[in-house]
There are 2 protein chains.
Amino acid sequence: MKQKKAIVNKLRSSGLRPTKQRVLIAQNLFERDKTFHFTVETLNKEINKKGSEKVSLATVYNTVEAFTKAGHIKQILTSKSKSYFDTNIKSHHHFYDEDSKELTDINYNQVKLSKVPQPPKGKKIKNLEVVIRLQK
Amino acid sequence: MKQKKAIVNKLRSSGLRPTKQRVLIAQNLFERDKTFHFTVETLNKEINKKGSEKVSLATVYNTVEAFTKAGHIKQILTSKSKSYFDTNIKSHHHFYDEDSKELTDINYNQVKLSKVPQPPKGKKIKNLEVVIRLQK
DNA sequence: CTTCTAGTTTATAATAATTCTAAACTATAA
DNA sequence: TTATAGTTTAGAATTATTATAAACTAGAAG
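Residues numbered from 1 in each chain as written. Chains lettered and ligands numbered in written order. Predicted model: local features only at pLDDT ≥ 70, side-chain atom pairs only at ≥ 80, totals over all residues.

### Some details on the interface of chain A and chain B
Stage number 1. Of the residues lining the interface, 34 residues belong to chain A; the matching set on chain B comes to 34 residues.
Stage number 2. Per-element accounting of the side of chain A that touches chain B gives the leading share, 12 residues, to strand β7 (residues 124–135) of chain A.
Stage number 3. Each residue belonging to the side of chain A that touches chain B can be placed in one class, and the counts come to 14 nonpolar, 10 polar and 10 charged.
Stage number 4. Across 11 bridges, the pairing between β7(A) and strand β7 (residues 124–135) of chain B is antiparallel. (Contact = placed C-beta atoms within 7 Å. Helix = DSSP H or I, 4+ residues; strand = E, 2+ residues; numbered from the N terminus. Nonpolar A, V, L, I, M, F, W, Y, C, P; charged D, E, K, R; others polar. Pairing = 2+ DSSP bridges.)

### With respect to the protein's contact with DNA strand D
Stage number 1. Every one of the 24 residues lining DNA strand D counts as a neighbour, but A:S83, B:T19, B:S56, B:A58 and B:T59 are closest to it.
Stage number 2. A total of 4 residues in the surface near DNA strand D trace back to one element, the largest contributor, which is helix α4 (residues 57–70) of chain B.
Stage number 3. Taken together, the residues that form the surface near DNA strand D break down as 7 nonpolar, 11 polar and 6 charged. (Near = placed C-beta within 6 Å.)

### So, the protein's contact with DNA strand C
Stage number 1. The local shell around DNA strand C holds 25 residues, among which A:T19, A:S56, A:A58, A:T59 and B:S83 are the closest.
Stage number 2. The biggest single contributor to the surface near DNA strand C is helix α4 (residues 57–70) of chain A, with 5 residues.
Stage number 3. By residue class, the composition of the surface near DNA strand C is 8 nonpolar, 11 polar and 6 charged.

### As for the nonpolar core
Stage number 1. Of all hydrophobic cores here, the largest spans 45 residues; its most connected members are A:V131 and B:V131.
Stage number 2. Among residues more than four places away in sequence, those in contact with A:V131 are A:L77, A:H93, A:H94, A:Y96, B:L77, B:E129 and B:V131. (Core = buried A, V, L, I, M, F, W, Y, C linked by C-beta atoms within 7 Å. Buried ≥ 20, exposed ≤ 12 C-beta atoms within 10 Å, placed from the backbone.)

### So, the packing of helix α3 (residues 40–47) of chain B against α4(B)
Residues and elements named next belong to chain B.
Stage number 1. It is the contact of α3 with α4, at a shortest axis distance of 10 Å, that shows an interaxial angle of 120 degrees. It follows that α3 is oblique to α4 by the angle criterion. Once α3 is placed against α4, the crossing between them reads as right-handed. Taken together, the residues of α4 that come into contact with α3 (itself represented by V40, L43, N44 and I47) are L57, V60, Y61 and V64.
Stage number 2. When its residues are assigned to classes, the contact of α3 with α4 shows 7 nonpolar, 1 polar and no charged. (Axes fitted to C-alpha atoms, helices over the stretch in contact; angles between N-to-C directions. Parallel < 35°, antiparallel > 145°, perpendicular 65-115°, else oblique. Left-handed = near helix turned anticlockwise from the far one by under 90°.)

### Things to note about α4(A)
For the α-helix, the turn length of 3.6 residues means that residues three or four positions removed from each other point alike.
Residue and element names in this part refer to chain A.
Stage number 1. For α4, with 14 residues, the first-to-last C-alpha span of 20 Å sits near the 20 Å given by 1.5 Å per residue.
Stage number 2. Restricting attention to buried positions, one finds in α4 the residues V60, T63, V64 and F67. For α4, the angular spread of the buried residues around the axis is 100 degrees, confining them to a single face. The outward face of α4, more than 90 degrees from its buried face, is lined by the exposed residues A58 and K69.
Stage number 3. Turning to α4, the residues buried within the fold contact α2 (20–30), α3 (40–47) and β3 (84–86).
Stage number 4. Following α4 by one or two positions, G71 has its phi on the positive side, about 85 degrees. (Expected span 1.5 Å × (residues − 1). Arc of directions from axis to C-beta.)

Here is the structure:
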């Protein structure tokens, strides 16, 4: 609550109107000690639990998309039909446990890329991600 | 057609009964000069086009799953809700073009990982993939 | 402060990919 | 030849996501 002004600025500075819903979601996502992973489903549950004012699922989708475009969160590559997002936007990579479907961050200094290809002409690299899939 | 015996063996050796449908799909996937990418949708279209005997969509799904488990094809990580597969099972990586939704192979020697983390206890690395997302 | 409007939210419907179901079929072991 | 476990099938069900269009609202302009 105390950092509401900071949240509002964060939204404004990326061209997003600080609506009641966006501020609520942003507080939930960013006023934490640690970054974390979520899906729209889990975020929606979290946002709409107990007491708090209700936010529609469509808005949660819209907001997640808006925050992703603004670079406040990033989308994680998995091969499954559910999208995962991460509040940690620093360059880092993931373990994806095939058995439990869980994602874990890999500390960026645990992976070293010593060679990366040139992007095709007219295109630039938006994001580079290493996903290590785990099995028992 | 000529390599039917090889296809049948390939299936048998991975514990898959060489049914009419599986052989047909395997021929389509593996009797090619070059490896390629596909989705269940594109494969289904290809398999069920003109003249040829029809294979149900459910079977295409089942077969793709079976071939993936057997390691004959591999599933590619993207963040979208459509799964991509690749008949190239050698270690290699991908460009994923956000605008066109196209996947392109990156030759394995274009990417070099000089450091890879230890998998958590009790787990082993099934697969490691670098996905480079492109934008205009 | 009021008014205006573009941007936003909402419930709901629509779409798309995938998985499930249970009955019919078939490869193959005996 | 027969029995049966594995496989195929059409269609229904499920799940995630996107679209729609009406109601609402932040904030600019007066």
